[in-house]
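Listed below are the residues making up each chain.
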Amino acid sequence: MDAGDIPRGANKAVWRPRDMCERLLTVGDVAEMCQVHRKTVMRAIRSGRLRAARLGDRGAYRLRPDDVAQWVAECVVAPVAASPRTRRPGVLLVDAQDERSA
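The following refers to the structure shown.

Definitions and limits used
- Along each chain, the written sequence defines residue order, and numbers are assigned to residues from 1.
- Side-chain atom pairs in this predicted model are given and counted only at pLDDT of 80 or more, local residue features only at pLDDT of at least 70, and totals for whole chains, interfaces and linings cover all residues.
- No hydrogens and no water enter the side-chain calculation; it runs on all heavy atoms of the structure.
- Three labels apply to residues, based on accessible area from a 1.4 Å probe with only protein chains included: buried if under 20% of the type maximum, exposed if over 50%, partly exposed otherwise in between.
- Helix and strand definitions here come from DSSP, where helices need a minimum of 4 consecutive H or I residues and strands a minimum of 2 consecutive E residues; each element is numbered from the N-terminal end.
- What the arc measures is the spread of directions leading from the helix axis to the C-beta atoms.
- We call two residues contacting when some pair of their heavy atoms lies within 4.5 Å.
- In these notes, a set of buried Ala, Val, Leu, Ile, Met, Phe, Trp, Tyr and Cys residues joined through side-chain atoms within 4.5 Å is what counts as a nonpolar core.
- For salt bridges, the criterion is a side-chain nitrogen of Lys or Arg within 4 Å of an Asp or Glu carboxyl oxygen.
- Helix axes are fitted only over the stretch in contact, all axes being lines through C-alpha atoms; the angle between N-to-C directions runs from 0 to 180 degrees.
- The scheme is simple: roughly parallel for angles under 35 degrees, roughly antiparallel for over 145, roughly perpendicular for 65 to 115, oblique for anything else.
- In this scheme the handedness of a crossing depends on how the near helix is turned from the far one: anticlockwise by less than a right angle means left-handed, clockwise means right-handed.
- Classes in brief: Ala, Val, Leu, Ile, Met, Phe, Trp, Tyr, Cys and Pro nonpolar; Asp, Glu, Lys and Arg charged; the others, Gly included, polar.

1. With respect to helix α2 (residues 38-47)
- Taken residue by residue, α2 has Val41, Met42, Ala44 and Ile45 as its buried positions. Taken around the axis of α2, the buried residues stretch over an arc of 160 degrees, which confines them to a single face. In α2, those exposed residues whose orientation departs by more than 90 degrees from the buried face are Lys39, Arg43 and Arg46.
- Those residues of α2 that are buried lie in contact with α1 (27-34), β2 (60-62) and α3 (65-74).
- Once α2 finishes, Gly48 follows within two positions and takes phi at roughly 90 degrees, a positive value.

In structure tokens:
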């Protein structure tokens, strides 16, 4: 059923498509949920990485929870396997092979 298809007998003023029944989130809601600043969310929206709808005269953004979940999933960083020989600043690694007796 498309958004334009209104079921028979439904009140046109009250009926909404199934997708419209979910609660939309504000930029502040998303920032709080993700524990980031509102500017981070706005940058993601403006760059096209986070899908949002612009509603109202002043263009307040509203976001679907599914779109936020997808954005978070796309931002997951793969863990880097650290080898024991990885150099780290300020750490001296000593191997048994490097030690020489005098």
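Read on, since the account is not over.
2. Some remarks on the nonpolar core
- Grouped together as the largest cluster of nonpolar side chains are 13 residues, with contacts concentrated most on Val27, Val30, Val41, Ile45, Leu50, Leu63 and Val68.
- Looking at this core, the element that brings in the most residues is α2, giving four residues.
- Ignoring any residue separated from it by four or fewer positions in sequence, one finds Val68 in contact with Leu25, Val30, Met33, Cys34, Leu50 and Leu63.

3. Examining the pattern of salt bridges
- This structure, assessed with the given rule, holds three salt bridges.
- Its salt-bridge partner being Asp66, residue Arg64 comes within 3.5 Å of it at the nearest N-O pair.
- If you follow the salt bridges from partner to partner, you end up with Arg64, Asp66 and Asp67 in one network.

4. Topic: the packing of α1 against α2
- Where α1 meets α2, the closest approach of the two axes is 8 Å, and the angle between their N-to-C directions is 115 degrees. By the criterion of interaxial angle, the relationship of α1 to α2 is roughly perpendicular. In this structure, the crossing between α1 and α2 has a hand that is right-handed. Listed contacts from α2 to Val27, Gly28, Val30 and Ala31 of α1 are Arg38, Val41, Met42 and Ile45.
- Residues belonging to the contact of α1 with α2 are distributed by class as follows: six nonpolar, one polar and one charged.

Honestly, that's just the spatial picture; any functional story needs more than this.
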